[in-house]
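For reference, the chains in residue letters:
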Amino acid sequence: MEIVKIVGIGFMTLIISLVLKEYKKEYAIYCSLIGGIILLTYSFGTIREIVNFLTKIADKTSYNSEFIGLLLKITGIAILVEYATSICKDSGETAIASKIDFAGKIIIISMSIPIISLTLTTLLELLP
């Protein structure tokens, strides 16, 4: 029932943030930031289980474990970029949010090049 705890923390953060917006608007963004950090910290155990599972699969197969690590880094970047853009949008800074989003996409594409290259090489070897 982890999802109930996560939703509960999210709703408590929302309520506190809404109350703070009425009295001290500048503190509401800090509340959202702290709530997000708490939720992210709470998720570390699950993230660790996923990483261990993928590492075991990579060890049992001939799949390059280097690529599993790369995929995990790309996923982490995507999650952090989404979190940062959400915080920026919540504070009314959509221009900064779009710049962070764009930069994150560029980084993800650049990190994906080895995987794309290997995939294309493998496809070319399979074709007659």
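So, a few notes on the structure that sits alongside this text. (Residues numbered from 1 in each chain as written. Predicted model: local features only at pLDDT ≥ 70, side-chain atom pairs only at ≥ 80, totals over all residues. Heavy atoms only, no water.)

## A closer look at helix α4 (residues 94-126)
(1) Moving on: For α4, built from 33 residues, the straight-helix expectation of 48 Å at 1.5 Å per residue is met to within 8% by its first-to-last C-alpha distance of 46 Å.
(2) Moving on: Along α4, the helix axis deviates most sharply at Ile113, where the bend reaches about 40 degrees; the proline Pro114 sits within four residues downstream.
(3) Moving on: Ala97, Gly104, Met111, Ser112 and Ile115 are the residues of α4 that are buried. (Helix = DSSP H or I, 4+ residues; strand = E, 2+ residues; numbered from the N terminus. Expected span 1.5 Å × (residues − 1). Bend = angle between axes of the 7 residues up to and from the residue. Buried < 20%, exposed > 50% of the residue type's maximum accessible area, 1.4 Å probe, protein only.)

## Section: the packing of helix α1 (residues 2-23) against helix α2 (residues 25-60)
(1) Moving on: For the pair α1 and α2, the least separation of the axes is 7 Å and the interaxial angle reads 170 degrees. Here α1 is positioned roughly antiparallel relative to α2, judged by the angle of their axes. Contacts from Glu2, Lys5, Ile6, Ile9, Gly10, Thr13, Ile16, Ser17, Leu20, Lys21 and Tyr23 of α1 reach α2 at Lys25, Tyr27, Ala28, Cys31, Ser32, Gly35, Ile38, Leu39, Tyr42 and Thr46. (Axes fitted to C-alpha atoms, helices over the stretch in contact; angles between N-to-C directions. Parallel < 35°, antiparallel > 145°, perpendicular 65-115°, else oblique. Contact = heavy atoms within 4.5 Å.)

## Describing the pattern of salt bridges
(1) Moving on: For the structure shown, the criterion picks out one salt bridge.
(2) Moving on: Ionic pairing is found between Asp101 and Lys105, a salt bridge with its closest N-O pair at 3.4 Å. Residue Asp101 and its partner Lys105 are both found in helix α4; the two are separated by four residues, about one turn of the helix.
(3) Moving on: Among the residues examined, Lys105 registers a relative accessible area of 48% and is labelled partly exposed. (Salt bridge = Lys/Arg side-chain N within 4 Å of Asp/Glu carboxyl O.)

## Points about the environment of Ile38
(1) Moving on: Secondary-structure assignment places Ile38 in helix α2.
(2) Moving on: A C-alpha to C-alpha distance of 18 Å links Ile38 and Ile77, two positions 39 residues apart in sequence.

## Side note on the packing of aromatic side chains
(1) Moving on: Considering all chains together, one arrives at one aromatic pair under this definition.
(2) Moving on: Centroid distance Tyr27 to Tyr30: 6.4 Å. Interplanar angle 45 degrees. Geometry classified as tilted. With Tyr27 and Tyr30 both in helix α2, this residue pair falls three residues apart, about one helical turn.
(3) Moving on: On the basis of relative accessibility, which here comes to 43%, the residue Tyr27 falls in the partly exposed class. (Phe/Tyr/Trp six-rings, centres within 6.5 Å; stacked < 30°, edge-to-face > 60°.)

## Things to note about a nonpolar patch on the surface
(1) Moving on: Among the surface-exposed residues, Met1, Ile3, Val4, Val7, Phe11, Leu14 and Leu18 lie close enough to one another that they form a single nonpolar patch of about 740 Å² accessible area.
(2) Moving on: Among the structural elements, Leu18 can be located in helix α1. (Patch = residues over 30% accessible without salt bridge, like charges linked within 9 Å, V, L, I, M, F, W, Y side chains within 5 Å. Areas by Shrake-Rupley, 256 points an atom, 1.4 Å probe, with all protein chains shown as cover.)

## Side note on the nonpolar core
(1) Moving on: Residues Phe67, Leu70, Ile74, Met111 and Ile115 constitute the largest nonpolar core, which totals five residues.
(2) Moving on: Contributing elements (two or more residues each) for this core: α3 (65-90) and α4.
(3) Moving on: A per-element tally of this core places α3 first, with three residues.
(4) Moving on: For Phe67, the contacting residues outside a window of four places in its chain are Pro114, Ile115 and Leu118. (Core = buried A, V, L, I, M, F, W, Y, C linked by side-chain atoms within 4.5 Å.)

## Describing α1
(1) Moving on: With 22 residues, α1 ought to run about 32 Å at 1.5 Å a step, and its terminal C-alpha atoms sit 32 Å apart, in line with that.
(2) Moving on: Among the residues of α1, Ile9, Thr13 and Ser17 are the ones counted as buried. Buried positions in α1, seen along its axis, are confined to an arc of 70 degrees and lie on one side of it. In α1, the exposed positions that point more than 90 degrees away from the buried face belong to Ile3, Val4, Phe11, Met12, Ile15 and Glu22.
(3) Moving on: In this fold, the buried residues of α1 make contact with α2. (Arc of directions from axis to C-beta.)

The values are spatial; any link to function lies outside them.
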